[in-house]
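Below, each chain spelled out in residue letters.
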Amino acid sequence: MKIYNCDAFEKIYDFQKSKLKVDHIITDPPYNISQENNFSSMSNANRHGVDFGEWDKKFDLYSWINIYCQILKPGGSFIIFTSYRNLSYVIDMIEEDKKMVVKDILKWIKLNPMPRNINRRYVQDTEFAIWAVKKGAKWIFNKPRNISYLRAEFHTPVVSGRERTLHPTQKSLKLMKDIIEIHTKKNQLILDPFMGSGTTGVAALELDRDFIGVELEKEYFKIAKERLNNIPEKLDL
Ligand code: SAM
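Keep in mind the model is a prediction, meaning the values are calculated, not measured.

1. Let's talk about the side chain of Asn66
Its place among the elements puts Asn66 in helix 3 (residues 63-69). When its relative accessible area of 13% is taken as the criterion, Asn66 is described as buried. Setting aside chain neighbours within four positions, we find Asn66 in contact with Met93, Ile94, Glu96 and Asp97.

Okay, structure coming up:
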């Protein structure tokens, strides 16, 4: 496991210099959905959206994609979470240089979504991830034997209790483990260039995969480091 507290847009040049190749890239970059909150009066408070921080406001959603694809091995999966508003743009970018092909859209269906503005809107209970693979290569798809056809749906609660860290958009560990089990094999190397609190890494290591993670913000990097260092070593008996 290797993790870096730096900018993923710069770190890619080191990865390229060292000729790093990864088996899979599974990542949850900023969605750019944050809005400034201005709770000046109670009457308009619930009209305002969420504000996760500056990192979620002017993120460059597209330019990292093709350059990171270059360090993905043939047969590798590229799984990117993004907001429903950005889905088609991110898909176009993944397929732009004709080396990758989008296979499916994965849906994370939250079992306990946050109820907001419930008398005026549907509850926001779903997030999406784009699954793409390298063209011309055989990808991994570990379909469970007891399921005749697998829907691209992952049903888990949002994080709470002991699992919860201070990261405002932390993904559920079960969600990441379910995805990793279907799309990767044991001992393969998974890269998350925007790892936040390190959930992809925790899921990867707990499932006997290797992990490389990058996170820009010191505070989140510290959380990820602590979580990853606290995974008990497994003994090969
Ligand atoms: N899946 C993560 C988890 O479970 O904690 C949350 C990831 S969060 C949506 C995206 C992360 O990308 C944020 O923690 C943010 O600080 C980080 N980030 C934003 N720009 C970055 C950059 N240029 N390089 C590396 N990390 C960056």
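After that view of the structure, there is still more to cover.
2. Considering the nonpolar core
Ranked by size, the top nonpolar core spans 32 residues in total, and within it Phe15, Trp64, Ile65, Tyr68, Phe78, Ile94 and Leu191 carry the most contacts. Elements supplying a minimum of two residues to this core: helix 1 (8-17), helix 3, strand 3 (77-82), helix 4 (87-95), strand 4 (100-110), strand 5 (126-134), strand 7 (189-192) and strand 8 (210-214). When near neighbours in sequence (up to four residues on either side) are disregarded, Leu191 contacts Phe15, Val22, His24, Ile25, Ile26, Tyr68, Ile71 and Ile212.

3. Digging into the packing of helix 5 (residues 173-183) against helix 6 (residues 199-206)
Viewed as axis vectors pointing N to C, helix 5 and helix 6 meet at an angle of 55 degrees, and their least axial separation amounts to 9 Å. In terms of orientation, helix 5 lies oblique with respect to helix 6. In this structure, helix 5 meets helix 6 at a crossing whose hand is right-handed. Where helix 5 abuts helix 6, its residues Leu173, Met176, Lys177 and Ile180 lie against Thr199, Thr200, Val202, Ala203, Ala204 and Glu206.

4. Observations concerning the site of the ligand
The local shell around the ligand holds 23 residues, among which Asp28, His167, Ser197, Thr199 and Glu215 are the closest. Contacts to the ligand include Glu215, whose side-chain N or O atom sits 2.6 Å from an oxygen atom. In the complex, the protein chains occlude 97% of the 610 Å² of accessible area that the ligand would expose alone. Here the shell around the ligand is built from residues that sort into 12 nonpolar, 6 polar and 5 charged.

5. Re the packing of aromatic side chains
Applying the stated rule across the entire model yields 11 aromatic pairs. Relative to Trp55, the ring of Phe52 has its centre 6.5 Å away and its plane inclined at 15 degrees; by these criteria the two rings are stacked. What makes Phe52 partly exposed here is its relative accessible area of 24%. Seen from their ring centres, Trp131 and Phe141 are 5.8 Å apart, and the 15 degrees between their planes marks the pair as stacked. With Trp131 in strand 5 and Phe141 in the loop between strand 5 and strand 6 (153-156), this residue pair connects regions lying 10 residues apart in the sequence. Its end group placed over the ring of Tyr4, Lys11 keeps NZ or CZ at 4.0 Å from the ring centre. Positioned over the ring face of Phe81 is Lys171, at 5.0 Å from the centre of the ring.

6. Quick look at the pattern of salt bridges
Per the counting criterion, the structure on display carries 9 salt bridges. Ionic pairing is found between Glu206 and Lys177, a salt bridge with its closest N-O pair at 2.6 Å. Separated by 29 residues along the polypeptide, Glu206 in helix 6 and Lys177 in helix 5 bring together distant segments of the chain. With a relative accessible area of 26%, Glu206 lands in the partly exposed category. A relative accessible area of 23% means that Lys177 is categorised as partly exposed. A single network of salt bridges, built from pairs that share partners, joins Asp28, Lys110, Glu127 and Lys171.

What counts, and where the lines are drawn
Residues numbered from 1 in each chain as written. Predicted model: local features only at pLDDT ≥ 70, side-chain atom pairs only at ≥ 80, totals over all residues. Heavy atoms only, no water. Helix = DSSP H or I, 4+ residues; strand = E, 2+ residues; numbered from the N terminus. Buried < 20%, exposed > 50% of the residue type's maximum accessible area, 1.4 Å probe, protein only. Contact = heavy atoms within 4.5 Å. Core = buried A, V, L, I, M, F, W, Y, C linked by side-chain atoms within 4.5 Å. Axes fitted to C-alpha atoms, helices over the stretch in contact; angles between N-to-C directions. Parallel < 35°, antiparallel > 145°, perpendicular 65-115°, else oblique. Left-handed = near helix turned anticlockwise from the far one by under 90°. Near = heavy atom within 4 Å. Polar contact = N/O pair within 3.5 Å; in protein donor to acceptor, adjacent residues only side chain to side chain. Areas by Shrake-Rupley, 256 points an atom, 1.4 Å probe, with all protein chains shown as cover. Nonpolar A, V, L, I, M, F, W, Y, C, P; charged D, E, K, R; others polar. Phe/Tyr/Trp six-rings, centres within 6.5 Å; stacked < 30°, edge-to-face > 60°. Lys NZ or Arg CZ within 6 Å of the ring centre and 35° of its normal. Salt bridge = Lys/Arg side-chain N within 4 Å of Asp/Glu carboxyl O.

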